[in-house]
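# Observations on chain architecture
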Amino acid sequence: LPGDEFHLDIFNYPAACPLVVIPKKKIAMKSGETDQAIVMKEPRLIEFGERLGKIYKHIGNLDVDLFVSGEKIFLLEMNPRFGGGYPLSHLSGANLLDVVVRLARGETVTEGRIDFKTDFYFMKEPGFVEGNHQSLRGKFSNFQ
């Protein structure tokens, strides 16, 4: 398809459906996975993701791939899981793994408690994050 490829993480929770929609523009793919992407707060894609979340009423994360060509949005696939692009959502500030743990403990999670940095660039190169070479170890274990 012509246009730009995007990935959405749509996290639903019954009390706040959906809790957050995180759009990422794919810059490069490698072996069928997002290798480079940038987080964007694209209102049209957030609205599209919110509509999907309200229609499907899934619980947890929905991994969505789509193309945007002009005014049209082409939905490619939806997977009810954390996908290969999730590390970018996490590193941009949307710690959805922490949300899963809090929900499992019976805590209430409300809208507005999940935010993320925009214009956050990510490259899946071992140890290469946001333009700096650093270890990813410990980046995903900050919940208790």
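The notes below deal with the structure included here. (Residues numbered from 1 in each chain as written. Predicted model: local features only at pLDDT ≥ 70, side-chain atom pairs only at ≥ 80, totals over all residues. Heavy atoms only, no water.)

## With respect to the overall build of the chain
Formally: For the purposes of this entry, the term helix denotes a DSSP run of H or I that reaches at least four residues, the term strand denotes a run of E that reaches at least two, and both are numbered from the N terminus. Per-residue and other accessible areas were derived by the Shrake-Rupley procedure at a 1.4 Å probe size, with only the shown protein chains allowed to occlude residues.
When you go through the chain residue by residue, the secondary structure sums to three helices and eight strands. On the chain, roughly 7800 Å² of surface is accessible, and the fraction owed to carbon and sulfur atoms is 52%.

## Quick word on the nonpolar core
Going by this rule: What is meant by a nonpolar core is a set of buried Ala, Val, Leu, Ile, Met, Phe, Trp, Tyr and Cys residues, joined one to another through side-chain atoms within 4.5 Å. With a 1.4 Å probe rolled over the protein chains alone, any residue whose accessible area is under 20% of its type maximum counts as buried; one over 50% counts as exposed, and the rest are partly exposed.
If you look at the biggest cluster of nonpolar residues, it comprises 16 residues, and the most contacted ones within it are Val 20, Ile 22, Leu 96 and Ile 114. When contributions to this core are tallied by element, the ones reaching two or more residues are β2 (20–30), β3 (33–39), α2 (86–91) and α3 (96–104). Looking at this core, the element that brings in the most residues is α2, giving three residues. Residues Leu 45, Phe 48, Val 64 and Val 68 belong to the second largest nonpolar core, which totals twelve residues.

## Points about unusual backbone geometry
We note that Lys 57 has phi near 50 degrees; this positive angle belongs to a residue other than glycine. Take Lys 57: it is sitting in the loop between α1 (43–56) and β4 (60–69).

## Some words on the layout of surface pockets
Empty pockets left among the atoms are what a rolling probe the size of a water molecule brings to light. Counted only if it meets this: Only protein atoms enter the 1 Å grid used here, on which a cavity is any set of points holding a 1.4 Å probe that cannot leave and a pocket is any open set flanked by protein within 12 Å on both sides along at least five of seven lines; residues with an atom within 4 Å of a point are listed as lining. Grid points are joined across faces, edges and corners, and a volume is the space filled by probe spheres set on the points. Here the nonpolar group is Ala, Val, Leu, Ile, Met, Phe, Trp, Tyr, Cys and Pro; Asp, Glu, Lys and Arg are the charged ones; every other residue, Gly included, is treated as polar.
What the largest pocket holds in volume is close to 180 Å³. Surrounding the largest pocket, 13 residues form its lining, Gly 32, Glu 33, Asp 63, Asp 65 and Gly 84 being those nearest its centre. Elements represented by at least two residues in the lining of the largest pocket include exactly β2, β3, β4 and β5 (72–79). When grouped by side-chain class, the residues that make up the lining of the largest pocket number one nonpolar, six polar and six charged.

## Observations concerning the environment of Glu 42
Here Glu 42 is to be found in the loop between β3 and α1. Taking the relative accessible area as the measure of exposure, Glu 42 reaches 28% and is therefore partly exposed. Along the chain, Glu 42 and Lys 25 lie 17 residues apart, while their C-alpha atoms are 9.6 Å from each other.

## As for α1
Where we set the bar: To estimate how far a helix should reach, multiply one less than its number of residues by 1.5 Å. Of all possible arcs, the one meant is that of the directions from the helix axis to the C-beta atoms. For this analysis, residues touch if any pair of their heavy atoms sits within 4.5 Å.
Over its 14 residues, α1 extends 20 Å from the first C-alpha to the last, a length consistent with the 20 Å expected when each residue adds 1.5 Å. Taken residue by residue, α1 has Leu 45, Ile 46, Phe 48, Gly 49, Leu 52 and Gly 53 as its buried positions. The buried residues of α1 all sit within an arc of 160 degrees when viewed along its axis, so they share a single face. Of the exposed residues in α1, the ones pointing more than 90 degrees away from its buried face are Pro 43 and Ile 55. Turning to α1, the residues buried within the fold contact β1 (4–12), β2, β4 and β5. Of the residues flanking the end of α1, it is Lys 57, one or two places downstream, whose phi is positive at about 50 degrees.

None of the figures reported here should be taken as evidence of function without further support.
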